[in-house]
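# Examination of the molecular architecture
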Amino acid sequence: MKMTALNRARGIQRLSRGLAVFSVLAAGGCATHPSAPVVANAPEPKVSSSDLRGLSLQLIQKMEAEQKWYAAISYLDRYLKEWPASDQTDLLRARALAATGEPAQAERYFRRVLGTPLSAQGYQGLGLIAARGGDITRAIRLFQHATREDPTDAGILNNLGYAALQGKAWDVARNALFRAGELAPQDERVWSNIALYYLLRGDSFRAQQIMGAHDFSWEVSQRIRREADQMTGVPTSAGDHPLAAATAPSGAVMPALPNPPLTQLFSSGNAGPATEPRSVP
């Protein structure tokens, strides 16, 4: 008969206690006058099924936080052999499928959580899939659904703002990014997009203020400028940017943008602290 996870855990605990009692008895048998009797009926530690279930979900979440997407799918399959599916497992599977290049299957699982307490995450996932597929109009609409479900989630607002920048929906972008900036004043992903907004609107002075206030490195600032150039159709080869040759530090290596476009849901991101919390100008 197949043992459940709970039976396996209890079996290991009983074996450990048995070995411990055996060791104490053996040591006592060698002494002429044992100092104290051995307590043979110690209370049995209890591990509930709900505890094991919670620990299993935490393990899957840890796998996803470390971007071990295939491992997460394997652990989800194992989890479902012991416990039924839930909104949370559907969302975890949707994220893993999206990250491993299975958008159609991921969309199916994201749709399962719509209308549940995880609805905002479901709409966000669908928005990310739409954006990656090039359907920016649909992505904006889905991100707007997500923000209505959870109006204080800065990550969703940031995704909406970036998609709106791509779609040149300037009022939508401004509102979403400035709300995200005040909700997450230390998230460089948000502030990089606010700087990008100003560059796209032709306000390079305000963009430079944002990048300076948040102590962006030269490399990151140039990445944001290159992103703006790409979105406006300006050539961006190595020497094209007017500041590139004049200010490039020796040996500089271009990292990714603090906010990789529309990937926050499927990666841990590279958010870092700002010099100090600041409000949106």
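This structure is a prediction, so every number in the text was calculated from the model and none was measured.

Rules and cut-offs
- Residues numbered from 1 in each chain as written.
- Predicted model: local features only at pLDDT ≥ 70, side-chain atom pairs only at ≥ 80, totals over all residues.
- Heavy atoms only, no water.
- Helix = DSSP H or I, 4+ residues; strand = E, 2+ residues; numbered from the N terminus.
- Contact = heavy atoms within 4.5 Å.
- Areas by Shrake-Rupley, 256 points an atom, 1.4 Å probe, with all protein chains shown as cover.
- Core = buried A, V, L, I, M, F, W, Y, C linked by side-chain atoms within 4.5 Å.
- Buried < 20%, exposed > 50% of the residue type's maximum accessible area, 1.4 Å probe, protein only.
- Phe/Tyr/Trp six-rings, centres within 6.5 Å; stacked < 30°, edge-to-face > 60°.
- Axes fitted to C-alpha atoms, helices over the stretch in contact; angles between N-to-C directions.
- Parallel < 35°, antiparallel > 145°, perpendicular 65-115°, else oblique.
- Left-handed = near helix turned anticlockwise from the far one by under 90°.
- Nonpolar A, V, L, I, M, F, W, Y, C, P; charged D, E, K, R; others polar.
- Salt bridge = Lys/Arg side-chain N within 4 Å of Asp/Glu carboxyl O.
- pLDDT = per-residue confidence, 0-100.

## Things to note about the overall build of the protein
A count of helices and strands for the protein gives 13 helices and zero strands. The secondary structure elements of the protein, listed N-terminal to C-terminal, are α-α-α-α-α-α-α-α-α-α-α-α-α. Here the analysis covers contacts within the protein between residues at least 6 apart in sequence; of these, 60% occur between residues at least 24 apart. Element-wise, carbon and sulfur atoms account for 54% of the exposed surface of the protein, whose accessible area totals about 15200 Å².

## What to know about the nonpolar core
Counting 54 residues, the largest nonpolar core has F110, L165, I194, L196, Y197, Y198 and I224 as its most contacted members. When neighbours within four sequence positions are excluded, L196 is seen to be in contact with Y162, L165, I224, E227, A228 and M231.

## Points about the packing of aromatic side chains
To describe a pair of aromatic rings, you give the distance between the ring centres and the angle between the ring planes. Evaluated as defined, the whole model comprises four aromatic pairs. When the centroid spacing of 5.2 Å and the interplanar angle of 45° are considered together, the rings of Y79 and W83 count as tilted. Y79 gets classed as buried once you look at its relative accessible area, which sits at 2%. By relative accessible area, W83 is classed as buried at 12%. On the basis of an interplanar angle of 80° and a centroid distance of 6.0 Å, the ring pair of F178 and Y197 is categorised as edge-to-face. With F178 in helix α9 (residues 170-183) and Y197 in helix α10 (residues 188-200), the pair connects residues that are 19 residues apart, well separated along the chain. Classification of F178 as buried rests on a relative accessible area of 9%. Chaining the aromatic ring pairs together yields one cluster made of F178, Y197 and Y198.

## Remarks on the packing of α10 against helix α11 (residues 204-213)
For any two helices packed against each other, one specifies the crossing angle of their axes together with the interaxial distance. Between α10 and α11, whose axes approach to 7 Å, the crossing angle comes to 165°. One element, α10, and the other, α11, form an angle in the roughly antiparallel class. The crossing of α10 and α11 is left-handed. Residue-level inspection shows W191, I194, A195, Y198 and L199 of α10 in contact with α11, the latter providing S204, R206, A207, I210 and M211. Its residues placed into classes, the contact of α10 with α11 shows eight nonpolar, one polar and one charged.

## A closer look at the pattern of salt bridges
Here the structure, examined in full by the defined rule, presents seven salt bridges. R93 serves as the salt-bridge partner of D77, at 2.8 Å between the closest nitrogen and oxygen. Note that D77 is positioned in helix α3 (residues 69-82) and R93 in helix α4 (residues 87-99), a separation of 16 residues in sequence. Salt-bridge contacts for D90 lead to R112; the nearest nitrogen and oxygen are separated by 3.5 Å. One end of the pair, D90, is in helix α4; the other, R112, is in helix α5 (residues 103-112), and 22 residues separate them in sequence. Note on R112: relative accessible area 41%, which makes it partly exposed. If you follow the salt bridges from partner to partner, you end up with K62, E66 and K68 in one network.

## Thoughts on the confidence of the model for the protein
In the predicted model, the protein carries a mean pLDDT of 76, and 66% of its residues have values of at least 70. Confidence drops under a pLDDT of 50 for residues 18-32, and excluding neighbours within four residues, the segment shows two contacts in the predicted structure. Of the regions scoring below 50 in pLDDT, residues 238-281 engages in 110 contacts with residues more than four places distant in sequence or in other chains.

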